[in-house]
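Examination of the molecular architecture
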Amino acid sequence: MKIAVCPGSFDPVTKGHLDIITRASRLFDRVIVLVVINAAKTPSFTAEERMQLICRVTEDLPNVEVQSYSGLLADYVRDVGAVAIVKGLRAVSDFEYEFQMALANKKLNPGADTLFLTTAAENMYLSSSIVKQIAQFGGDIADFVPAQIVEDVKRRLCP
């Protein structure tokens, strides 16, 4: 069984995230969407809330599961027996950082490769940060997050 891990903060999960997760689910037998807990960040949603939101938007993907983790990604990938880390790229600006992370993860866990998927053109500009900013100013976020969670995000972030 080929297992992949899709890590991220998912604060909140966006249509861009869902695109990458869906495409990864077609490439691998099992996909673990990993909510990475970063102590240096103050998220808008708790790890548990982010996991619940992702579960709701991926419920039609039977080979996708959601977990959280606060340690080294390379260790987690090794512990679950994954062969790949799947990352989405929006623009060239994402590549430099993600490439450095891929090299570090390969050094720490030579058994796992990083697979980069370019996001769909309609999601190239999209990020959780942009969603949060639009929501905090009362803007319409329906085009940016999956329909199942629009109201949850608005309740948390809209004034």
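It should be noted that the structure appears before, not after, this text.
Just so you know, these numbers come straight off a predicted model, no measurement behind them.

A few words now on empty space enclosed by the protein. Inspection of every chain in the model, using the stated rule, returns one cavity of 30 Å³ or more. Within this model, the largest cavity holds a volume of roughly 30 Å³. Every residue lining the largest cavity is listed: Ala-74, Val-77, Ile-85, Asn-105, Lys-106, Asn-109, Ala-112 and Thr-114. Those elements giving two or more residues to the lining of the largest cavity turn out to be helix H3 (73-80) and helix H4 (92-108). Of the residues belonging to the lining of the largest cavity, the class tally is four nonpolar, three polar and one charged.

All chains considered together, the criterion is met by eleven salt bridges. The closest approach of N and O atoms between Glu-98 and Lys-87, which form a salt bridge, is 3.5 Å. Of this pair, Glu-98 sits in helix H4 while Lys-87 sits in strand S4 (residues 84-89), placing them eleven residues apart in sequence. Judged on exposure class, the residue Glu-98 and its partner Lys-87 are both buried. One salt bridge connects Glu-151 with Lys-154, and the closest N-O pair in it is separated by 3.5 Å. Here Glu-151 and its partner Lys-154 are both found in helix H6 (residues 150-157), three residues apart, which amounts to about one turn of the helix. Its relative accessible area of 45% is what places Glu-151 among the partly exposed residues. Take Lys-154: its relative accessible area is 31%, and that puts it in the partly exposed class. Three or more residues are tied together by salt bridges with common partners; here these are Arg-56, Asp-152 and Arg-155.

What counts as what
Residues numbered from 1 in each chain as written. Predicted model: local features only at pLDDT ≥ 70, side-chain atom pairs only at ≥ 80, totals over all residues. Heavy atoms only, no water. 1 Å grid on protein atoms, 1.4 Å probe; cavity = no way out; pocket = protein on both sides within 12 Å on 5 of 7 lines; lining within 4 Å. Points joined across faces, edges and corners; volume = space filled by probe spheres on them. Helix = DSSP H or I, 4+ residues; strand = E, 2+ residues; numbered from the N terminus. Nonpolar A, V, L, I, M, F, W, Y, C, P; charged D, E, K, R; others polar. Salt bridge = Lys/Arg side-chain N within 4 Å of Asp/Glu carboxyl O. Buried < 20%, exposed > 50% of the residue type's maximum accessible area, 1.4 Å probe, protein only.

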